[in-house]
Amino acid sequence: MSLRIKTSDPAVKALCKVADREDIATVFDRYQMQLPQCGFGSLGLCCRICYKGPCRVDPFGEGPQLGICGADRHTIVARNVTRMMAAGAAAHSEHGRHIALAMQKVGKGLLPAYRIRDEDKLYRIAELLDIDTLGKEMLEVAHDVATKTLEDFQNQDHHKGCHWISATLPDKRVDLLSRLGALPHNIDATVSQIMARTHIGCDAEPKNVFLGGIRGALADFNGMSLATELSDVMFGTPSPVVTEANIGVIDKDAVNIAVNGHNPLLSEVICDIARDMNDIAKGAGAEKGINIVGICCTGNEVMMRHGVPLATNYLSQEMAILTGALDAMVVDVQCIMPSLPQIGNCFHTEVITTMDENKMQGARHISFHEENAVETAREVIQCAINAYTRRDPNKVNIPNIKQTAVVGFSSEAIITALSKLDAVDPLKPLVDNIVNGNIQGVALFAGCNSTQTVQDESYQIIARTLAANNVLLLATGCGAGAFAKHGLMNQQATEQYAGDSLKAVLTQIGEAAGLNGPLPLVLHMGSCVDNSRAVTLATALANRLGVDLCDLPVVASAPEAMSEKAIAIASWGVAIGLPTHLGTIPQVTGSDVVTELMQEGAKDLFGGYFLVETDPKIAGNKLVEVIKGKRQGLGI
Ligand code: SF4
Ligand code: MSK
């Protein structure tokens, strides 16, 4: 089994034994069944864009070199990767639109289940978006902020960029992207244009196609920025909170409900209503009432804002059901495995879909709309309580594996912590420590889990290498989940792995912020849609130093990049100037033109570039060298 189960998570290893015993196939088994994976697809050389195909280009130069229509390897690869960026942008932006539409209704007083929880942030955003607030009620401001945000989905003037990009990136970067024609003017139109230009017989010039993809990736950035910022206004801006992570947070004496997916609109209400329904759960025999746990990025959202413990990250979502003690898994959108209902059927677990456009065969569907949020939350929780009464105690097997995690580091929370050292100029302690070398640079870990690697392992190896070299570490998404599960988001990890000067700085800030010790080794910045938080911090640093983002000693790393969203994120990371490491091989290597474009070509255009390295030890060392080079460039 050890060869088959590609994970470094001891809880996953333990539960895979249960799966073996019960003859239940998991993601790890299905991966094995797919081997060997298609070489054409892996290289990006398979085209299915029209029904004359599929066409495949022979990578060895012996078979066909052109598709039936005449598209060559470079066109095919560029179109495929560009469509992935568009899909990623669509996913994040749809999430953002959902939040913005909800906030618009909140502003009109139409959604009693929601309110504005961070009024200060609302007004800061209004100022950022140039919205006049004079004499307006708070709800009217909320309505106006949402309405202006929604213009980013509607603007038809190609000379006007999206509001959120202009408001959040340094002016120098916005100017550069504008000169390169890479700025999206409208999220929906950009995604739609990518689908149109990659239709058969349209854009066939690979560099042009790829640059169209970069516009899509920047539309993704715009969509995630607005999703994050408006979510903070509606649900609260995260601040540090101590919690736990890994499968041991599931409690055999409680009704366990996992929230899985990405969108906080329902999970927030479930957290509220669960408190009211605790006694019903106790009445059904659950001594400890209701225990909400998180999975994937909905998990990150409620973990950051409420300290809800994280059961696991993307790749091991099936494991929560294999404990035999999960009574319901309620899912919303994105990164939800269609296998869940089948595994739920082997136990008593209710797998509940909630979004009408995201259903799964075999799952119970309870339709969620913001207008019926409270009723939906009640129905979901009651379903879980009913399922609890059917739980078979003989099937319960919860590995007692969990770690303490200190999470909730929004950019505001980081600035607040820094303000304890310098109330007048909170960025100064961070800037000073970067300039004097106590902090050598900053690394953002973003991205997923993938069966192409050993789950969570590369994150840990790269992080330990960077920390030992005094690099400040940030994380989002399933990368953040990996660090939380493996004990790298607590103070002990700082003591154990941080280089001396980094440890001293983290201790100084942590003590000043009242944490009775250092900041955790890796700062949890949120779900994958929250990568924009790290950009907010980097932009503040760049503006403060009077440089562009590509000049900063800041890198990004996605050791297990997997989803189309991850491809979009990595691509905008490059476009805003960040050297961006990928630990999985992108499906583009069938074209030397596209591969070169993503590396040297991107560096020439944007200053950022893709750094592909599958060996985590080498990757960590390469990132350290990149940071040193950036410091030299700044003369520090
Ligand atoms: Fe083949 Fe061209 Fe159709 Fe692609 S678009 S499937 S390369 S004929
Ligand atoms: S869920 S996109 S596996 S980070 Fe945000 Fe995780 Fe990647 Fe999905």
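On a predicted model such as this, the values are computed, not experimentally measured, just so you know. (Residues numbered from 1 in each chain as written. Chains lettered and ligands numbered in written order. Predicted model: local features only at pLDDT ≥ 70, side-chain atom pairs only at ≥ 80, totals over all residues. Heavy atoms only, no water.)

**Q** What is the right way to look at the layout of surface pockets in this model?
**A** It is a probe the size of a water molecule, rolled over the atoms, that shows where empty space is left. Taken as a whole, the largest pocket encloses approximately 1,400 Å³ of empty space. Lining of the largest pocket is provided by 44 residues; of these, Gln37, Met84, Gln452, Met562 and Gln587 occupy positions nearest its centre. Contributing elements (two or more residues each) for the lining of the largest pocket: helix H2 (27-34), helix H3 (39-43), strand S1 (46-47), helix H4 (73-107) and helix H23 (564-575). Its residues assigned to classes, the lining of the largest pocket shows 23 nonpolar, 17 polar and four charged. Computed from the structure, the second largest pocket encloses a volume of approximately 520 Å³. Forming the boundary of the second largest pocket are 21 residues, of which Arg124, Leu128, Glu229, Glu412 and Thr536 lie nearest the centre. (1 Å grid on protein atoms, 1.4 Å probe; cavity = no way out; pocket = protein on both sides within 12 Å on 5 of 7 lines; lining within 4 Å. Points joined across faces, edges and corners; volume = space filled by probe spheres on them. Helix = DSSP H or I, 4+ residues; strand = E, 2+ residues; numbered from the N terminus. Nonpolar A, V, L, I, M, F, W, Y, C, P; charged D, E, K, R; others polar.)

**Q** Teacher, can you tell me more about the UniProt feature "binding site: [Ni-4Fe-4S] cluster" (unreviewed entry) in the protein chain here?
**A** Here, the residues flagged by UniProt with the feature "binding site: [Ni-4Fe-4S] cluster" (unreviewed entry) are His262, Cys297, Cys335, Cys448, Cys478 and Cys528. The largest pairwise C-alpha distance within this set of annotated residues, which runs over 267 residues, is 13.0 Å, so the set is compact in three dimensions. On the secondary structure map, histidine 262 appears in the loop between strand S4 (255-261) and helix H11 (264-283). When residues no more than four places from it in sequence are discounted, the contact partners of histidine 262 are His95, Cys296, Cys297, Thr298, Glu301, Asp332, Val333, Gln334, Cys335, Cys528 and Lys565. Relative to the helices and strands, cysteine 478 is located in helix H19 (residues 477-485). In contact with cysteine 478, other than residues within four places in its own chain, are Cys296, Asn300, Asn313, Tyr314, Gly447, Cys448, Asn449 and Tyr459. (UniProt positions renumbered as here; feature names shortened; annotations may be inferred. Contact = heavy atoms within 4.5 Å.)

**Q** When you look at the pattern of salt bridges in this model, what are you seeing that I'm missing?
**A** Side chains that carry opposite charge are capable of pairing whenever their charged atoms lie near each other. Enumeration according to the criterion identifies 29 salt bridges in this entry. For arginine 197, the salt bridge is made with aspartate 203, and the minimal N-O distance between the two is 2.9 Å. Arginine 305 serves as the salt-bridge partner of aspartate 232, at 2.7 Å between the closest nitrogen and oxygen. Taken together, the residues span a long stretch of sequence, with aspartate 232 in helix H10 (residues 206-235) and arginine 305 in helix H12 (residues 296-306) at a distance of 73 residues. Classification of aspartate 232 by relative accessible area gives buried; the value is 0%. The network of salt bridges with common partners includes Lys121, Arg124, Glu229, Asp232, Glu301, Arg305, Glu412, Asp530 and Arg533. (Salt bridge = Lys/Arg side-chain N within 4 Å of Asp/Glu carboxyl O. Buried < 20%, exposed > 50% of the residue type's maximum accessible area, 1.4 Å probe, protein only.)

**Q** I keep staring at the domain arrangement of the protein chain and nothing clicks. Help me out?
**A** Interface size, as often reported, equals the accessible area lost upon joining of the parts. Per the domain assignment, the segments making up the protein chain are domain 1 (73-235), domain 2 (247-395) and domain 3 (403-634). Taking only C-alpha atoms, the centre of domain 2 and the centre of domain 3 are 31 Å apart. Taken together, the contact between domain 2 and domain 3 spans 16 residues of the former and 26 residues of the latter. The junction of domain 2 with domain 3 conceals about 1,500 Å² of combined surface from both sides, 68% of it contributed by carbon and sulfur atoms. Considering only the surface of domain 2 that becomes buried against domain 3, Met304, Asn313 and Leu315 emerge as the three largest contributors, covering 40% of it. The interface formed by domain 2 and domain 3 includes zero salt bridges. With seven residues, the top contributor of residues to the side of domain 2 that touches domain 3 is H12. (Domains from an automatic or database assignment. Buried area = accessible area lost by both parts, 1.4 Å probe.)

**Q** When you look at the nonpolar core in this model, what are you seeing that I'm missing?
**A** Counting residues in each nonpolar core, the largest one holds 110 residues, and the members touching the most others are Phe445 and Leu473. Take this core: its biggest share by element is eight residues, from H10. Counting the residues that make up this core, at least three belong to each of domain 1 (73-235) and domain 3 (403-634). Among the nonpolar cores identified, the runner-up in size contains 59 residues, and Val141, Trp164, Leu226 and Cys383 belong to it. (Core = buried A, V, L, I, M, F, W, Y, C linked by side-chain atoms within 4.5 Å.)

**Q** What should I look at first to understand the packing of aromatic side chains in this one?
**A** In this description, a pair of aromatic rings is defined by centroid distance and the angle of the planes. Here the structure, examined in full by the defined rule, presents five aromatic pairs. Arranged with centres 6.2 Å apart and planes meeting at 65°, the rings of tyrosine 114 and phenylalanine 235 form a pair that is edge-to-face. One end of the pair, tyrosine 114, is in the loop between H4 and helix H5 (119-128); the other, phenylalanine 235, is in helix H10, with 121 residues separating them in the sequence. Neither residue differs from the other here; tyrosine 114 and phenylalanine 235 are each classed as buried. Taking 5.1 Å as the distance between ring centres and 75° as the angle between the ring planes, the aromatic pair formed by phenylalanine 445 and phenylalanine 483 counts as edge-to-face. Residue phenylalanine 445 is located in strand S11 (residues 441-445), and its partner phenylalanine 483 is located in helix H19; the two are separated by 38 residues in the primary sequence. (Phe/Tyr/Trp six-rings, centres within 6.5 Å; stacked < 30°, edge-to-face > 60°.)

**Q** Is there a simple way to explain the site of ligand 2 in this structure?
**A** By nearness alone, 13 residues border ligand 2, and His262, Cys297, Cys335, Cys478 and Cys528 come closest of all. Counting residues per element, the ones that place at least two in the shell around ligand 2 are H12 and H19. Taken together, domain 2 (247-395) and domain 3 (403-634) each give at least three residues to the shell around ligand 2, which thus spans both. (Near = heavy atom within 4 Å.)

**Q** Looking at this structure, how should I read the side chain of asparagine 263?
**A** Mapped onto the elements of the fold, asparagine 263 is located in the loop between S4 and H11. The exposure class assigned to asparagine 263 is buried, which follows from its relative accessible area of 1%. At 3.3 Å, the side chain of asparagine 263 forms a polar contact with the side chain of histidine 98. With sequence-adjacent residues up to four places away left out, asparagine 263 is seen in contact with His95, His98, Ile99, Thr298, Asp332 and Val333. (Polar contact = N/O pair within 3.5 Å; in protein donor to acceptor, adjacent residues only side chain to side chain.)

**Q** I keep staring at helix H21 (residues 500-512) and nothing clicks. Help me out?
**A** Side chains three or four residues apart in an α-helix point the same way, a direct result of the helix having 3.6 residues per turn. Here H21 is 13 residues long and its end C-alpha atoms lie 18 Å apart, about the 18 Å a rise of 1.5 Å per residue gives. Burial in H21 covers these residues: Ser501, Leu502, Val505, Leu506, Ile509 and Gly510. Angularly, the buried residues of H21 cover 165° about the axis, an arc narrow enough to put them on a single face. Backbone geometry just downstream of H21 places glycine 514 in the positive-phi region, at approximately 80°. (Expected span 1.5 Å × (residues − 1). Arc of directions from axis to C-beta.)

**Q** What am I meant to see in the side chain of threonine 312 here?
**A** Structurally, threonine 312 is set in strand S6 (residues 310-312). Of the residues examined, threonine 312 reaches a relative accessible area of 1% and is grouped as buried. Only 2.5 Å separates the side chain of threonine 312 from the side chain of serine 316, close enough to count as a polar contact. Ignoring any residue separated from it by four or fewer positions in sequence, one finds threonine 312 in contact with Asp9, Ile247, Gly294, Ile295, Cys296, Gln317 and Lys485.

**Q** I keep staring at empty space enclosed by the protein and nothing clicks. Help me out?
**A** If you walk through the whole model with that rule in mind, you get eight cavities of 30 Å³ or more. For the largest cavity, the calculated volume is near 140 Å³. Around the largest cavity, the lining is made up of 15 residues, and of these Val442, Leu474, Ala534, Ala538 and Val554 lie nearest the centre. Mapped onto the lining of the largest cavity, the elements with two or more residues apiece are S11, helix H22 (531-545) and strand S14 (554-558). Broken down by element, the residue count for the lining of the largest cavity peaks at five residues, all from H22.

**Q** Is there a simple way to think about the UniProt feature "binding site: [4Fe-4S] cluster 1" (unreviewed entry) in the protein chain in this case?
**A** The positions that UniProt labels "binding site: [4Fe-4S] cluster 1" (unreviewed entry) are, in the present scheme, Cys38 and Cys46. Of the annotated set named above, Cys38 and Cys46 line the largest pocket. In this structure, cysteine 46 sits in strand S1. Here cysteine 46 falls in the partly exposed class, since its relative accessible area comes to 24%. Aside from chain neighbours lying at most four places away, what touches cysteine 46 is Phe40, Gly41, Pro54, Cys55, Arg56, Ile76 and Asn80.

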